[in-house]
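# Close look at the chain arrangement
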Amino acid sequence: MKMKKLLALALSAIMVVSMLTACGGGSKSGSLDLSEVKDTVAEAGVSVKVSSNNELTSAVRAVASVLKQNNTFDSQTAIDEIQKRITTKPGSNVIETATAIVLSDAEIRAGDDGSEYGLGFINTPEGVAAGVIIMMDRLVSASGYTGDIMYSASATTVEADNGTLYWVIGVKVTVDMN
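Residues numbered from 1 in each chain as written. Predicted model: local features only at pLDDT ≥ 70, side-chain atom pairs only at ≥ 80, totals over all residues. Heavy atoms only, no water.

Check the secondary structure of the chain and you find six helices and six strands. Of the regular secondary structure in the chain, the N- to C-terminal order runs α-α-β-α-α-β-α-β-β-α-β-β. Buried positions account for 51% of the 178 residues belonging to the chain. Once local pairs closer than 6 in sequence are excluded, the contacts in the chain between residues at least 24 apart make up 72%. Here the chain has roughly 8,100 Å² of accessible surface; of this, 50% comes from carbon and sulfur atoms. (Helix = DSSP H or I, 4+ residues; strand = E, 2+ residues; numbered from the N terminus. Buried < 20%, exposed > 50% of the residue type's maximum accessible area, 1.4 Å probe, protein only. Contact = heavy atoms within 4.5 Å. Areas by Shrake-Rupley, 256 points an atom, 1.4 Å probe, with all protein chains shown as cover.)

The structure is reproduced here in structure tokens:
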């Protein structure tokens, strides 16, 4: 039950970030520079483990494919789709959840103030991912979870039928309760 409350709170927070930050960047490669995400999180004074994760990368690509297929580019659809792909396995002592945010490249390049997350001006996909990790970490910490906590981040770009370039940015948290 506690995990469901944490998840609901995390999703609400991610939607707030999506609506308020219209931020994040312009790496034209269509993927995140994970060392930049780690550096940005560390510069905000947050000490967490951040790594790549093949399951998350596959899920983000699958979400982008669904968005493209439906020509619908919104964060709620992305969250619903990524959570179909990344969930805690029944009976496991490892809790996993993920979220996603969808922003156009123009929104990301326009940037926004990230001071709420201990960050400066956010105008890169890496900055958006760092902000989501920081927010998720605050929620995980507030929930009282202990154990080995790992965050993963991944992103890809997808082009809408009208030519608009969108970023699909996914963040996963894994809490090993062992």
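There's more to say after this.
Attention now moves to the packing of aromatic side chains. Counting across every chain of the model gives one aromatic pair. For the ring pair F73 and Y166, a centre distance of 4.5 Å and an interplane angle of 0° mean the geometry is stacked. One end of the pair, F73, is in the loop between helix 3 (54-70) and helix 4 (75-85); the other, Y166, is in strand 6 (residues 165-176), and 93 residues separate them in sequence. Residue F73 is classed as buried on the basis of its relative accessible area of 15%. (Phe/Tyr/Trp six-rings, centres within 6.5 Å; stacked < 30°, edge-to-face > 60°.)

The backbone of N71 shows a phi angle near 50°, a positive value even though the residue is not glycine. For N71, the location among the structural elements is in the loop between helix 3 and helix 4.

We now examine the sheet that holds strand 1 (residues 49-51). Strand order across the open sheet formed by four strands is 1-5-6-2, with mixed pairing between neighbours. Each of the sheet's edge strands pairs with one partner strand only, and the pair in question is strand 1 and strand 2 (94-104). Looking at each pair of strands side by side, their axes are set apart by 25° on average, direction ignored. Note: strand 2 against strand 6, 11 bridges, orientation antiparallel. Of the residues in strand 6, the one forming a bridge with T97 is V173. Taken strand by strand, helix 6 (residues 125-143) contacts strand 1, strand 2, strand 5 (148-159) and strand 6, and its axis lies near 30° from that of strand 6. (Pairing = 2+ DSSP bridges. Axes fitted to C-alpha atoms, helices over the stretch in contact; angles between N-to-C directions.)

So, on to helix 2 (residues 34-43). Of all the positions in helix 2, only L34, V37, T40 and V41 are classed as buried. Here the buried residues of helix 2 occupy an arc of 120° about the axis, which is enough to place them on one side. Residues of helix 2 that are buried sit in contact with strand 1, helix 6 and strand 5. (Arc of directions from axis to C-beta.)

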